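Tertiary structure, described
Read off the chains here:
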Amino acid sequence: MKEDFTAAKGWLERIGELPIAHPVAVMNVCGGHERSLTQLGLRGVLPPNVKLISGPGCPVCVCPEEDLADAIALALTGDVTLVAFGDMLRVPINAAKGEVRSLAEARAKGADIRPISAPQEAVALAASNPARPVVFFAAGFETTTAPVAAMLAQGVPENLSVLLAARLTWPAVDMLLASGDAALDALIAPGHVAAVMGASEWGFIPERYHLPVAVAGFSANSLLAALYSVLRQKLAGKPFLDNCYAELVAPEGNLRAQALLAEVMEVTDANWRGIGVVPRSGFALRGEWKRFDARARFEFSALPRRRAGEMPPGCDCAAVVLGKKQPDQCRLYGTACTPQNPVGPCMVSDEGACHIWWQGGTRAAA
Amino acid sequence: MCLGIPMQVVAIDGFNAECEARGVKRNVSLFMIGENEVEVCDYVMVHVGYALRKMTPEDARLSWELFDEILAVAGE
């Protein structure tokens, strides 16, 4: 870290020299950024007028309750092996007392549910058990969804299907800015999403909303360079799209990955847990890949759910995801809700702001 | 999930690469970048088992230093 810190120190000094007379709120929209900012302790060393906000950067946190309930119900039938990224297993849903509230609880009741860390593990599992239906419950942003598209395009065993809960990052930011009630002055754009989709995808922020934006990587150096850029843009009153992660992010992104996404999936309106439907923010399988859609292969119960789409009572995850509250402003933080006993998804996922703040040492509500 | 890990390519067989980072070896798919884009000894940024993009040895090293820092803090 030594070299990075030397460079980072230079950026910190330059930020410290900026005449920031009024508070400036800078939002990141990536769990990886939030983790770096928190673990590196950057909030503690920036000028007091620079406020770092965590925005919609956690795909697990916004995975709709309906999808989780469907995955749980399907796994409990005993007819399938369900695989999901490990983060998903402990996410709780609203359920009556005594009912199964998470995939982990379903697993404890005997459902065949297995955590995976890569789509190829789902392929391998399906290939080694050709008579057994394997369902890949796939939540994630573009960085995860493009690999799922690649997996399907390359060819998968017929007994593998996908229960897709994939989301695009930028439409949520667009909706937030269009709503007019986002208290933010600048954005740090997600480095690895941009590596796939292209830095230019974030050009709408200065163009449409006249706000500064910079794509950042995950080192202190890259994050502080991006922060310096957006603060300078703000002070100059000339917002533009900057790229402080050019070593990995091209303006056009990874064209091959985008082509795979476009071939296998189409963009749809999608529900975000606690937030509602965000236009053109989800994916569905298209064309010949529709037959790998788990929703086309299995009966899902049409039972109405009382609080479908909502966060658990008292949980401020939706406000935290939208950057309207900091994690420690939730009244459950650190008391009713901890990583050992999470109430909301933001305390479960490695990319959830609450979980990241807890790991960073914030152990009580503000 | 968005956590990218820089790895070095050890062997390539079509779209499948054996990659290594800090002594840990993993199978990595090259399907998202194309099999002719990388060679043995190159570095790639890996996400959920897929190479996202080729990277320079220098960038890979800096990314690993960041991980060491975060892991050290998280392990305390």
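Basis of the calculations
Residues numbered from 1 in each chain as written. Chains lettered and ligands numbered in written order. Predicted model: local features only at pLDDT ≥ 70, side-chain atom pairs only at ≥ 80, totals over all residues. Heavy atoms only, no water. Axes fitted to C-alpha atoms, helices over the stretch in contact; angles between N-to-C directions. Helix = DSSP H or I, 4+ residues; strand = E, 2+ residues; numbered from the N terminus. Parallel < 35°, antiparallel > 145°, perpendicular 65-115°, else oblique. Left-handed = near helix turned anticlockwise from the far one by under 90°. Contact = heavy atoms within 4.5 Å. Nonpolar A, V, L, I, M, F, W, Y, C, P; charged D, E, K, R; others polar. Pairing = 2+ DSSP bridges. Core = buried A, V, L, I, M, F, W, Y, C linked by side-chain atoms within 4.5 Å. Buried < 20%, exposed > 50% of the residue type's maximum accessible area, 1.4 Å probe, protein only. Domains from an automatic or database assignment. Buried area = accessible area lost by both parts, 1.4 Å probe. Salt bridge = Lys/Arg side-chain N within 4 Å of Asp/Glu carboxyl O. Polar contact = N/O pair within 3.5 Å; in protein donor to acceptor, adjacent residues only side chain to side chain.

Moving on to the packing of helix H7 (residues 142-154) of chain A against helix H12 (residues 255-264) of chain A. Residue and element names in this part refer to chain A. Put simply, H7 and H12 touch, their axes get as near as 8 Å, and they point 70° apart. Our classification of the angle between H7 and H12 gives roughly perpendicular. Note that H7 runs across H12; the crossing there is left-handed. In contact with Thr145, Ala146, Ala149, Ala150, Leu152 and Ala153 of H7, H12 contributes Ala257, Leu260, Leu261 and Val264. Classifying every residue of the contact of H7 with H12 gives nine nonpolar, one polar and no charged.

This part covers the sheet that holds strand S8 (residues 213-216) of chain A. Residue and element names in this part refer to chain A. The sheet built from five strands is open, its strands ordered S2-S1-S7-S8-S9 with parallel pairing. Strand pairing shows two members of the sheet lacking a second neighbour, strand S2 (50-54) and strand S9 (241-243), which therefore form its edges. Neighbour-to-neighbour, the strand axes of this sheet turn through a mean angle of 25°, independent of strand direction. By the bridge criterion, three bridges tie S8 to S9 in an arrangement that is parallel. Residue pairing for S9: Val213 is matched across the bridge by Leu241. Here helix H11 (residues 220-236) sits on the sheet in contact with strand S1 (24-28), S2, strand S7 (186-190), S8 and S9, set at roughly 175° to S8.

Within the largest apolar cluster, 94 residues are counted, with the highest numbers of intra-cluster contacts made by Phe136, Met151, Leu152 and Leu227 of chain A. For this core, the leading source of residues is H11 of chain A, giving nine residues. There are two domains that each give this core at least three residues, and those are domain 1 (2-55 + 170-243) and domain 2 (60-168 + 254-297) of chain A. Leave out the neighbours within four places in its chain, and Met151 of chain A touches Pro119, Val123, Phe136, Val156, Leu160 and Val162 of chain A together with Tyr50 of chain B. With 52 residues, the next largest nonpolar core counts Cys61, Val80, Cys315 and Trp357 of chain A among its residues.

Residue and element names in this part refer to chain A. Domains assigned within chain A are domain 1 (2-55 + 170-243), domain 2 (60-168 + 254-297) and domain 3 (321-359). Distance from the C-alpha centre of domain 1 to the C-alpha centre of domain 2: 31 Å. If you look at the interface, domain 1 gives 11 residues, while domain 2 gives 15 residues. Across the domain 1/domain 2 interface, buried area totals approximately 980 Å², and carbon plus sulfur atoms make up 74% of it. Taken together, the links from domain 1 to domain 2 amount to zero salt bridges. At the surface where domain 1 touches domain 2, the tally comes to four residue pairs in polar contact (both at pLDDT 80 or more). If you list the elements that add at least two residues to the side of domain 1 that touches domain 2, you get helix H8 (170-179) and helix H9 (191-197). At five residues, the largest contribution of residues to the side of domain 1 that touches domain 2 is made by H9. Per-class residue counts for the side of domain 1 that touches domain 2 are eight nonpolar, two polar and one charged.

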